[in-house]
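# A look at the structure
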Amino acid sequence: MRSADFGAAEGPGVGGPVAGGLGHVERPAHPPDRTQAILEATKHVAGLLKAGGHPFALAGSVAAYAHGVPASFQHDTDFAIRREDAEAVTRELEKAGVQVRVPPEDWLIKARSHGEEIDLIFELARQPVTAEMLERAQVLPVDSVRMPVLSPTDLVASLLAAFSEHHCDFGSVLPIARTLREKIDWERLRTENEGAPMPEAFLFLLERLHVIDPDEDHREEEAT
């Protein structure tokens, strides 16, 4: 993700001018900035979806970044779209020269822009993307381009719902919850995840870390 820092005088085959006036060796191209490449891909696809009038919302780690969480991008950009819009979205992207493919999974389509993967998702952790969810999205700037972004509560809800015995990376979700804690409807998340061991464990961790207030009402019900 970071460009290499080449010295001013390097030996042959490495790059830079060669000491002693032996000529000039071409510097190799610096590795691309992966973070900026992901942002460029995000802006490109979002611009096409907006121009085509397709309802969508940015999701995943880039959505967290749009809400103010420090950039810590995963391997791709996620967009939430409705299943019934998938064919129209595919046509829109292909018309603009964006590669689109249908993977074996039946809950998303994949695209590629600026060398980066784009996931266009119909289900967030097995829950279908709905018109109501997209209506709750907030329009925010992403690297100077404004686009709909999942609301903080919907964003964290999708991350909690993805927890399982086989995927339970609390460390990646913790900074998101900590940064957005004042913007999240924690009561809704507690209600939606009642009885789900992994999400409940994460919410309990947030209480112990003093990120959120304890659920006193629930504690009283258990005591009686």
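The notes below deal with the structure included here. Residue indices begin from 1 for each chain and proceed along its sequence in written order. Thresholds applied to this predicted model are a pLDDT of at least 70 for local features of residues and 80 or more for the giving and counting of side-chain atom pairs; totals over whole chains, interfaces and linings are not thresholded and use all residues. Side-chain metrics rest on all non-hydrogen atoms present in the structure, leaving aside hydrogens and water.

Attention shifts here to the overall build of the protein chain. When its secondary structure is counted, the protein chain shows nine helices and eleven strands. Out of the 224 residues belonging to the protein chain, those deemed buried represent 43%. The contact criterion used throughout is that any non-hydrogen atoms of two residues lie within 4.5 Å. For the protein chain, the proportion of contacts with a sequence separation of at least 24, taken over those separated by at least 6, is 59%. When the accessible area of the protein chain is evaluated, it comes to approximately 12500 Å², of which 52% is carbon and sulfur surface. Every helix listed is a DSSP run of H or I at least four residues long, and every strand listed is a run of E at least two residues long, numbered separately from the N terminus. For every residue, the accessible area (1.4 Å probe, protein chains only) is compared with the maximum for its type, and the residue is labelled buried under 20%, exposed over 50%, or partly exposed between those bounds. Here the accessible surface of atoms and residues is derived via Shrake-Rupley with a 1.4 Å probe, and residues count as covered only by protein chains that are part of the display.

With that out of the way, let us pick up helix α3 (residues 86–95). What α3 keeps buried is the set Ala 86, Val 89, Thr 90, Glu 92 and Leu 93. Each buried residue of α3 sits inside an arc of 165° when the element is viewed along its axis, so together they form one side. More than 90 degrees from the buried face of α3, the exposed residues found are Glu 87, Arg 91 and Lys 95. Following α3 by one or two positions, Gly 97 has its phi on the positive side, about 90°. Here the arc refers to the set of directions running from the helix axis out to each C-beta atom.

In this analysis an axis means a line fitted to C-alpha atoms, helices contributing only their contacting stretch, and an angle means the value between N-to-C directions, from 0 to 180 degrees. Relative to each other, helix α5 (residues 152–161) and helix α6 (residues 170–180) sit at 160°, their axes nearing to 11 Å. Taken together, the axes of α5 and α6 are roughly antiparallel relative to one another. Two packed elements cross with a definite hand, and for α5 against α6 that hand is left-handed. Between α5, through Pro 152, Leu 155, Val 156 and Leu 159, and α6, the contact on the second element is made entirely by Val 173, Ile 176 and Leu 180. In this classification, the charged set is Asp, Glu, Lys and Arg, the nonpolar set is Ala, Val, Leu, Ile, Met, Phe, Trp, Tyr, Cys and Pro, and all remaining amino acids, among them Gly, are polar. A class-by-class count of the residues in the contact of α5 with α6 yields seven nonpolar, no polar and no charged. Here is the rule for angles: anything less than 35 degrees is roughly parallel, anything more than 145 is roughly antiparallel, 65 through 115 is roughly perpendicular, and the remaining ranges are oblique. In this scheme, a crossing is called left-handed if the near helix is turned counterclockwise away from the far one by less than a right angle; it is called right-handed if the turn is clockwise.

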